[in-house]
Every structure is written in C-alpha cells, then in structure tokens.
Amino acid sequence: MDNITKEQRKAALDVMRATLAADSKFQTHLNACVKCGLCATSCMYYIAYKDPKFIPGRKVDLVSSIYRRYFTPEGKYFPALFRAKDLDAKMAEEMVDCLYGGCTMCGRCVKHCSIGVDVAYIVKKGREMLAAMGLVPKTLQATVDAALNTGNNMAIPTEEFLDTLKWMEEELQDEMNDEKANIPVDQHDKKIMYTLNPREPKFFPLSISAMAKVFYAAGESWTLSSKYYDVTNYGYFSGNNAHAAQIAQYLYDEVHHLGAKQLILGECGHGSRASRWEGPNLIKHPYDFEMETVLELMAEYIRSGRIKVDKSLNTTLCTLHDPCNLVRNGGLLQEMRFVVKSCVSNFVEMTPHGNDNFCCGGGGGALAMSEYNERRLKIGEIKANQIRATGAKIVITPCHNCVDQLMQLNHTYKLGVTIKTVAEIVADALVITPAAAKPDPANDTATSAAGHSSEPAEKDPTLF
Amino acid sequence: MDIKDFEVDGDGFLTNPALWNDEVAKVFAEADGIGEMTDKHWAVVRVIRKNFEEKGNAPMVRTICQETGLKLREIYELFPLGPARGACRIAGLPKPDGCV
C-alpha cells in the first residue's frame, strides 16, 4: 500500500469516534483483552499457519492500538509506552490482511475467550473503518455492487431468473403429477415471501425445487419476488453499513410491496443474521412483520404434522456442518438438528460440533475474496479432516456459502462426499399425503410414490 | 503448456480471458483432475464461452442445459467443482461474483 491520505485517516477515525459514542460495548471490548492467549488455538488461521499475526487477540489489538493512539491521552502523548499506534499505510495494510484476509468472523474465539471479548465484533468494526477508507478488497466489493445495482449479488437478469423458475416448476409438476404444483412469483398477499441465494437459480437450482416441494407438501401460501429475492448481504462483510442497510431495505420493502405476512430467510448463514439480528440496527427501525429462517419453518411443519417425513428414505450416513451465523451466532443448534434427525436414519456428529464447530473456512466474505483463496483452502483442511473422520457420505448444511466451500474442500481433499442443503434432505424424506396437496384420491399412489423416492426426479428426462 | 504458465487470479481464474483457446482449456481441465475433455465437456465450455463473448458473463445453468441438451446432473458430473469454479474456469471466464 502506497500511502493513506489525511482524508482516509479521518474517515476511519470518524467511524471509530461514532461507534464509541453510540455503543459502549465497543470501548469495553477494546479495553478488555488480558492477553491470556486462549484464543490462539480456537482460530483456524492460527491453527493452520502458526503465525502470531492470526491470533484473535492480536487482531483486536490492531484496532485497540488505534483507539489508544487517537482516543486516550496516555496513548496520544506516550504511544510507545501504551502500545498506541498510528493509523498509517503499514497499519492499514496489516488490518486489511488480518481483518479481511485472516478472519471469517466465525466467533469461535469469542466462546473460548476468558473475558468474553467479542472478537468478531471488533473485527467487524475494524472492517467498517477500512471500508470508510475505501479499502474493501476488490472482489468482495464487486459482489456488494452487484447486489446494490441489480438486487442480487450475481446480477442475474429478471428474465433469466424467471426462466429458471419456470423450468424448476415444470420439473416439480412432472414429479408431483399435478399441474397445480407451482413456484409462485410476485403474488400479492401471500403468507410467506421466500428468499434465495442467487447461486441457486444461477448454477444449483435443485434446492429451489426441493423447497418448492416442501411448500407444496405443506400446502403453504407463499411467493418469491422476481426482483428482490436475494437473502445474502455482503455489505455486512464489507463493513460498509450504508450498503448493508440498502440491501436489507430491499427485502424489507419487497415484503411490504407484495403484502406478505412473513419473510422466510433461505438457507444462508450471514444473510439470515443480516436481516434477522442486525436488520433493525441497519434500517434503523424494527421490522413490522414476522421473520424467521426456513429451518425454523420446516421444524414447525414437521412438529405440527403439517408435512410428513420418513427418515427411512434417507439411509446414507450423514453429518451436519453448523454454519457459524446460524448456530454459534444464531441460536439454531437444536432446531437444525431436530429437522435433520427427523429426516435421516443414519447420523453422525463432527468433532467438535454445535457451538464449538469450526467454520467451513469460507465465511466472513472469504468465499467471495479471490485475494485470499489460498488461505481459504488451507484453513478449510481442518474442516475437511473433521468430515473425513466422521465417515459420512453426505454433509448437510443450511448455508449456500458453506455448501460452495465444502464442495471445493470435497474436491481439493478428495473426501468423496455429497453436499446437500437441509431443504434437499427434507424433500428427499417427504411423504406426500393426499390431504396435504392432492384432493384427487385416484392419484394418491402416484404422488406418494414420487414422494418416497430418494432420487425423486430420476425418471424425469430434462433434469437427469 | 502448464497451468503455471498462465496469469490467474487468486481463485485460479484466467486473468485475461482474451488469452483463452482450446489448448488453455485442456490445461485447466487437467489441473482440475478432468482426464480428457470429452465432447460433452466441450459442448458445455462452448456455450459458456459464447455467452461470455456475447453478454459478458456466465450463462445460467438453465441455458447450458438447454443449449447442450445435457441434463443437469450430467453437468455436475462432468465438472465436479460445479458450473462456476469448474466449467467457467475451464472456459477462461473471470470468477463469477457471489457464493461461488
């Protein structure tokens, strides 16, 4: 990095000043680290590289040394004595390298911290300062820009999106042998507005038809939007809160536009977090409609008997990858297991799992940042080894970002597994009853047979 | 030719898509563990390349299936890394944005 301008430094310090004024947590956590070092071995980057720069406490120290230099009298006058550092080009470069390129904000270190320092939160604040300086890695920014400019992070034109949905709808109708089985788009006053990760329509549409099948079985009143269906929010990772707020606002406004009662967040860790937990802070007011993840919705369906699943339809040994933003940072540990264990008969946990699980290695925007591809695959080896040790042949995870990283790990480390979303596993286990969807008893057998197949669309000529 | 002869981005996608030709595709395919490029591989790569040259981006997997007549599952089997990190990379495109 050449040099940073006075304006850049001021912009970053303004972010720090505003955060200190708005949120007392920031100052507390900047001052709390006691350098015990317990966090080191909880971090995938440190485990993989053994480089002290990746110790989580040291990442916090990058941000706190700037705080001491510019916001405390002792740091201002005696910087060397109080470990206060200038925000210069070297510091900015180190911050970009460690806060974007050396942290997935998975929060595993937070659980292991003896004090409870929210390291991921401090890293996020550091990213916000870097974003104010215009230092967001190029590839991450490109993904944010696509979402801002087109409504989805892969810039899929509406017509091509609709064409893919139509394709999936035809497959579903064939499979269900029911022309009323559909994928509704832009329908007003439905109960649910459902959301997707753009990689589904673009490259991996089977998870769309899987969820449509679940909705069909539940007899749900739902719709997709043709314009704002993207559940992701890479503005949350870039650190530009104005961008994150705009993207969150798109979904908020679209729910109102379509008159839906409930926003259902598709299988995406950070996207669920960005709307559900961070959303009100981003758009500056509470959400005036219900919102939950599709995991919780499917759990309700199963618990209430609204859909019927048969775990004997999924007999292959499965394991589960906990997305950080849904489990450790999202509270869905039990709910996710309830759904998965209702649908598979042969299940094994990874070690460790749940709140102590390792990130897939692609979180925090890492998957979108080509700049750090090599690191992403290297830290991912930890996850690959965890998967291999289970002996499972299917890895289930309710996050498309994790899915893509796991696919790459599968290839790189020759794991020989299949990666599936939770909706795909539920769809495979569905037993479609006449009461749920089909009024005509004459067709019950056919429908039920399709629902029983673990490879439901196998007979379909277009798809398989 | 070796894959190390090419300038690629961090994800291994060709930095200058204009330098792409069939030989380049073969080198990238081999690096991905795809033994030999079959007619089906080529059909997918040609559709992706054509879309990129006409529209500047990767096609939907829907378009790939329609234009090649291949089934979705076949695409995933032909390119184990998927249409993006697998096929688009062999077709010399820049890495698509998003969760791929």
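Quick caveat, the model's predicted, so the values are computed rather than measured. (Residues numbered from 1 in each chain as written. Chains lettered and ligands numbered in written order. Predicted model: local features only at pLDDT ≥ 70, side-chain atom pairs only at ≥ 80, totals over all residues.)

Participant: Mind showing me how you'd approach the overall build of chain A here?
Facilitator: Each helix and strand in chain A was counted, giving 23 helices and nine strands. Its C-alpha atoms give chain A a radius of gyration of 23 Å, near enough to 23 Å, the size a compact globule of 464 residues would have. Overall, chain A is about 85 × 45 × 35 Å in size when its C-alpha atoms are taken along their principal axes. Relative to its 464 residues, chain A shows a buried fraction of 56%. (Helix = DSSP H or I, 4+ residues; strand = E, 2+ residues; numbered from the N terminus. Rg over C-alpha atoms; globule rule 2.2 N^0.38 Å. Buried ≥ 20, exposed ≤ 12 C-beta atoms within 10 Å, placed from the backbone.)

Participant: What is the right way to look at the overall build of chain B in this model?
Facilitator: Within chain B, the secondary structure is distributed over five helices and zero strands. Along chain B, helices and strands appear, N-terminal first, in the series α-α-α-α-α. Against the 2.2 N^0.38 benchmark of 13 Å for 100 residues, chain B shows a C-alpha radius of gyration of 12 Å, consistent with a compact globule. Counting only C-alpha atoms, chain B reaches 35 × 30 × 25 Å along its principal axes. A buried classification covers 45% of the 100 residues belonging to chain B. Considering only contacts in chain B between residues 6 or more positions apart, those separated by 24 or more positions represent 54%. (Contact = placed C-beta atoms within 7 Å.)

Participant: Would you explain the sheet that holds strand β1 (residues 192-194) of chain A in this entry?
Facilitator: In a beta sheet, neighbouring strands are held together by backbone hydrogen bonds and run either parallel or antiparallel to one another. All names here are of chain A. Ordered in space as β2-β1-β3-β4, the four strands form an open sheet in which the pairing is parallel. Here the strands that pair on one side only, and so sit at the sheet edges, are β2 (222-223) and β4 (290-293). Inspection of the sheet shows strand β3 (residues 262-265) paired to β4 by four bridges, in the parallel sense. Counted as the bridge partner of L265 is T293 from β4. Helix α15 (residues 269-276) contacts β3 and β4 of the sheet and is inclined by roughly 150° relative to β3. (Pairing = 2+ DSSP bridges. Axes fitted to C-alpha atoms, helices over the stretch in contact; angles between N-to-C directions.)

Participant: Any chance you could explain the domain arrangement of chain A here in plain terms?
Facilitator: Residues and elements named next belong to chain A. If you check the domain split of chain A, you get domain 1 (6-135), domain 2 (148-303) and domain 3 (307-428). Here the C-alpha centroids of domain 1 and domain 3 sit 30 Å apart. The interface is formed by 13 residues belonging to domain 1 together with 19 residues belonging to domain 3. For the side of domain 1 that touches domain 3, the elements supplying multiple residues, two or more each, are α3 (44-49) and α7 (108-112). (Domains from an automatic or database assignment.)

Participant: Mind showing me how you'd approach the interface of chain B and chain A here?
Facilitator: Many authors give the size of an interface as the accessible area that is lost as the parts come together. Tallying the contact residues gives 21 residues for chain B and 33 residues for chain A. Looking at the side of chain B that touches chain A, the elements with two or more residues in it are α3 (61-68), α4 (72-78) and α5 (82-90) of chain B.

Participant: Help me understand the sheet that holds strand β6 (residues 318-320) of chain A, please; the structure alone is not making it clear to me.
Facilitator: All names here are of chain A. Judged by pairing direction, the sheet is parallel, and its three strands sit side by side in the order β6-β7-β8 without closing on themselves. Looking along the sheet, the strands with just one partner apiece sit at the ends: β6 and β8 (418-420). Across this sheet, the average inter-strand angle for adjacent strands is 25°, counted without regard to direction. In terms of strand pairing, strand β7 (residues 394-396) meets β8 through three bridges, oriented parallel. Across the sheet, V395 pairs through a bridge with I419, a residue of β8.

Participant: Is there a simple way to explain the nonpolar core in this structure?
Facilitator: In summary, soluble globular proteins display a tendency toward joint burial of nonpolar side chains. A:V119, A:V214, A:M298, A:V426 and B:I48 are the most contacted members of the largest nonpolar core, which totals 176 residues. Here A:M298 is in contact with A:V214, A:V339, A:V422 and A:V426, once residues within four sequence places are set aside. (Core = buried A, V, L, I, M, F, W, Y, C linked by C-beta atoms within 7 Å.)

Participant: Can you help me understand the pairing of β3(A) in this one?
Facilitator: Here is the key point about a regular strand: its side chains alternate between the two faces of the sheet. Here β1(A) runs beside β3(A); their pairing, made up of three bridges, is parallel. Looking at β3(A), one finds that A:M193 is bridged to A:L263.

Participant: For this particular structure, what's the right way to read the confidence of the model for chain B?
Facilitator: Fine structural detail should not be taken from predicted coordinates in areas where pLDDT scores are low. Overall, the prediction assigns chain B a mean pLDDT of 94, with 100% of residues at 70 or greater. The ipTM, which scores confidence in the relative placement of chains, is 0.94 for this predicted complex, and the corresponding pTM is 0.92. (pLDDT = per-residue confidence, 0-100.)

Participant: Help me out: how do you make sense of the environment of A:M1 in this one?
Facilitator: Within the fold, A:M1 resides in the segment before α1 (6-22). Not counting residues within four places of it along the chain, the set of residues in contact with A:M1 comprises A:A89, A:A92 and A:E93.

Participant: Please explain helix α6 (residues 89-100) of chain A as it appears in this structure.
Facilitator: A turn of α-helix holds 3.6 residues, and therefore any two residues three or four places apart point the same way. All names here are of chain A. An ideal rise of 1.5 Å per residue puts 16 Å on 12 residues; α6 measures up with 16 Å between its terminal C-alpha atoms. Within α6, the full set of buried residues consists of A92, M95, V96, C98, L99 and Y100. The inward-facing, buried residues of α6 abut α4 (56-71) and α8 (119-132). (Expected span 1.5 Å × (residues − 1).)

Participant: Explain unusual backbone geometry to me, please; I cannot follow it from the model alone.
Facilitator: Most of the time, phi is negative for any residue but glycine, and the peptide bond is trans. All names here are of chain A. Here the amide bond leading from T351 into P352 is cis, since omega sits at -10°, within 30 degrees of zero. By secondary structure assignment, the location of P352 is in the loop between α18 (333-343) and α19 (373-390). The phi dihedral of K50 falls on the positive side, at around 50°, and the residue is not glycine. Inspection of the secondary structure assignment puts K50 in the loop between α3 and α4. One non-glycine residue, M105, lies in the positive phi region at around 55°. On the secondary structure map, M105 appears in the loop between α6 and α7. M105 sits in the buried class, given 24 other C-beta atoms within 10 Å.

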